[in-house]
Amino acid sequence: MNLKAPELLLPAGTLQRMRAAYDFGADAVYAGQPRYSLRARNNEFRMEQIAQGIEEAHARGKKFFVTSNLIAHNDKLRTYLRDLAPVVALKPDALIMADAGLIMLVREEMESGRWPEVPIHLSVQANTTNSAAVKFWHRQGVARVILSRELSLDEVSAIRDACPDVEIEVFVHGALCIAYSGRCLLSGYFNRRDPNQGTCTNACRWEYKTHGAHTDSDTGEAVPAERLDNDFNFAQEDEDAARQFAATCGGGTRHPLADRVWLLEEKERPGELMPIMEDEHGTYIMNSKDLRAVEHVARLVQIGVDSLKIEGRTKSHYYVARTAQVYRRAIDDAVAGRPFNPELLRELEGLSNRGYTGGLLERRPSQDYQNYQSGSSESQRSQFVGEVLRVREDGWAEVETKNRFAVGDRLEVIHPGGNRVIQLHTMTSLDGEPVQVAQGSPLRVWVPLGAPAEGALLARLL
């Protein structure tokens with residue numbers, strides 16, 4: 001059986017990240033105008049950068065997709081076609097869109113001949129979860145559908161079988177929203193910054209305290225009771241009651257404490273207690289782990305998925321390079337029929353993450369999706385510490401530091417031609433003076449790396 005390699009699609013919040021994605025194995029990148037994509041912050045792509053990105057991509061035989069996937073209100077509807085027209089004139093390889101009305105307007109411009117024909121890819125924001133919806137969007141002129149993250153591998157396979165003429169794209173790595181495909185209300189509630197307008201503040205990552213409560217019999221409102229300090233570790237509290245419930249309900253796993261009312265208190269809003277309900281699936285207002293599906297790449301290749309997508313337009317070029325490199329190897333191994341390499345899991349552990357989950361690609365208990373212990377990102381294996389700017393003939397490299405490292409550290413040299421580990425025995429300033437510790441950005445030092453090192457990234461092994 002000849003397997004087709006799916007496209008590897010990486011995020012590009014900057015031109016630097018775009019180049020890193022291509023250098024380390026990406027076939028395509030996606031970037032968007034801040035006003036009309038879901039990345040209004042930390043996004044350098046104005047018209048000039050979009051034009052340069054498309055030109056560089058095509059010169060390298062790569063693809064550049066423009067993300068235009070906000071759910072538009074009328075104030076943006078007035079300016080949308082005017083602002084998108086010069087982007088379409090640059091002939092990106094696709095527009096990634098979510099709003100049905102905007103798709104209709106864009107298709108009308110193309111069908112009339114006023115705009116050149118550019119493929120439209122349906123964003124994950126459209127929440128496509130079944131084959132009938134895929135067929136519907138295909139009839140509206142959509143060339144590719146990015147499936148909802150709420151689908152299992154078996155459901156993706158069934159959609160592929162039912163819709164052989166439509167391109168299918170699946171997310172395989174990156175942050176997961178705790179609301180359905182990104183439609184989260186928390187950011188708007190707290191800060192009046194709408195996730196679907198590109199200004200999400202990631203309120204799901206903030207620190208919350210949990211308070212017990214009871215329901216007032218007269219008003220029906222939740223009244224604060226005791227403070228809960230055990231991080232939702234309900235299974236340790238009332239095992240006898242849980243076993244009794246399971247026996248009564250035919251082996252179910254719902255815990256009695258799940259039927260109680262709970263109040264959340266956000267760290268920066270003391271005294272503001274917000275009622276939540278928890279059921280057998282967990283609580284939906286907490287911090288999701290990050291998606292990692294590298295171990296499922298072989299199955300997705302066998303299914304015939306057309307594109308594997310990585311999330312992270314606000315992440316560093318180090319993140320882009322490492323994920324591109326790892327998933328490139330996973331795709332190439334799968335197509336060649338080689339077994340999955342567990343080393344790829346270890347390499348992804350070196351990236352900052354909030355814990356990894358396979359998401360809903362495989363059905364798992366709710367505690368596998370949520371990280372109740374911490375909202376901060378942690379790197380379990382390595383830390384991005386430097387970027388090579390140039391290399392002298394003697395093998396010494398000028399390195400711009402990103403985080404602290406020192407003589408004696410083990411450094412991983414991350415390069416498109418292959419990675420290697422070195423022990424750092426010496427280091428100097430740009431003036432040639434010995435340096436024992438590079439304290440971090442902004443600083444430049446000379447480090448003996450040998451070759452290959454041009455354009456490499458450095459990580460300190462922890």
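Just so it is clear, the model here is predicted, and its values are computed rather than measured.

J.: Can you tell me about the pairing of strand S1 (residues 7-11), naming the residues and giving the values?
T.: Within S1, five of the five residues are buried, which leaves the element mostly enclosed by the surrounding structure. Both faces of S1 are covered, namely the face carrying Glu7, Leu9 and Pro11 and the face carrying Leu8 and Leu10. Of the strand pairs in this sheet, S1 and strand S13 (residues 307-310) are connected by three bridges, and their pairing is parallel. Considered in S13, the bridge of Glu7 is made with Ser307. Sheet topology note: the S1/strand S2 (residues 28-32) ladder contains three bridges and is parallel. When the bridges of S2 are listed, Pro11 appears paired with Tyr30. Following the backbone out of S1, through helix H1 (residues 15-23) and into the adjacent parallel S2, one traces a crossover that is right-handed.

J.: Just give me the short version of the packing of H1 against helix H2 (residues 47-59), but keep the residues and values in it.
T.: Between H1 and H2, whose axes approach to 11 Å, the crossing angle comes to 15°. By the angle between their axes, H1 is roughly parallel relative to H2. Crossing hand, H1 versus H2: right-handed. Here Leu15, Met18, Arg19 and Tyr22 of H1 lie close against H2, whose contacting residues are Gln49, Gln52, Gly53, Glu56 and Ala57. Considered class by class, the residues forming the contact of H1 with H2 number four nonpolar, three polar and two charged.

J.: I'd like a rundown of empty space enclosed by the protein, residues and numbers included.
T.: Summed over all chains, the structure comprises one cavity of 30 Å³ or more. Here the largest cavity defines a volume of roughly 30 Å³. Forming the boundary of the largest cavity are His173, Gly174, Asp290, Lys315, Tyr319, Leu351, Ser352, Asn353 and Tyr356. Its residues assigned to classes, the lining of the largest cavity shows three nonpolar, four polar and two charged.

J.: Run through the sheet that holds strand S23 (residues 457-461), naming residues and quoting values.
T.: Taken in spatial order, the seven strands line up as S19-S18-S23-S15-S16-S22-S20 in an open sheet, and their pairing is antiparallel. Strand pairing shows two members of the sheet lacking a second neighbour, strand S19 (420-423) and strand S20 (428-429), which therefore form its edges. Bridge count between strand S15 (residues 382-391) and S23: five bridges; the pairing is antiparallel. Bridge pairing links Gln383 to Arg460 in S23. Lying over the sheet, helix H10 (residues 317-336) contacts S15, strand S18 (410-414) and S23, oriented at roughly 85° with respect to S23.

J.: If you had to explain the side chain of His121 to someone new, which residues and values would you point to?
T.: In this fold, His121 is placed in strand S5 (residues 120-122). Dropping the residues within four chain positions of it, His121 is found in contact with Phe65, Ala94, Leu95, Ile96, Met97, Val142, Arg144 and Glu167.

J.: Account for the confidence of the model for the protein chain, naming residues and giving values.
T.: For the protein chain, mean pLDDT is 84; residues scoring 70 or higher make up 76% of the total. For the stretch residues 244-255, pLDDT sits under 50, and the model shows eleven contacts to residues farther than four places along the chain or on other chains.

J.: I'd love a proper account of the pairing of strand S7 (residues 167-174), names of residues and values included.
T.: The side chains of a regular strand alternate between both faces of the sheet. Burial of S7 is extensive: seven of the eight residues sit out of reach of the surface. As paired elements, strand S6 (residues 144-146) and S7 share three bridges and run parallel to each other. If you follow Arg144 over to S7, its bridge partner there is Glu167. Sheet topology places S7 next to S13; four bridges connect them, and they run parallel. Within the sheet, the bridge partner assigned to Glu169 lies in S13 and is Ser307. With two bridges connecting them, S7 and strand S12 (residues 290-292) associate as antiparallel partners. Bridging across to S12, Gly174 finds its partner in Leu291.

The rules we used
- Residues numbered from 1 in each chain as written.
- Predicted model: local features only at pLDDT ≥ 70, side-chain atom pairs only at ≥ 80, totals over all residues.
- Heavy atoms only, no water.
- Buried < 20%, exposed > 50% of the residue type's maximum accessible area, 1.4 Å probe, protein only.
- Helix = DSSP H or I, 4+ residues; strand = E, 2+ residues; numbered from the N terminus.
- Pairing = 2+ DSSP bridges.
- Right-handed = clockwise from strand over helix to strand, strands pointing away.
- Axes fitted to C-alpha atoms, helices over the stretch in contact; angles between N-to-C directions.
- Parallel < 35°, antiparallel > 145°, perpendicular 65-115°, else oblique.
- Left-handed = near helix turned anticlockwise from the far one by under 90°.
- Contact = heavy atoms within 4.5 Å.
- Nonpolar A, V, L, I, M, F, W, Y, C, P; charged D, E, K, R; others polar.
- 1 Å grid on protein atoms, 1.4 Å probe; cavity = no way out; pocket = protein on both sides within 12 Å on 5 of 7 lines; lining within 4 Å.
- Points joined across faces, edges and corners; volume = space filled by probe spheres on them.
- pLDDT = per-residue confidence, 0-100.

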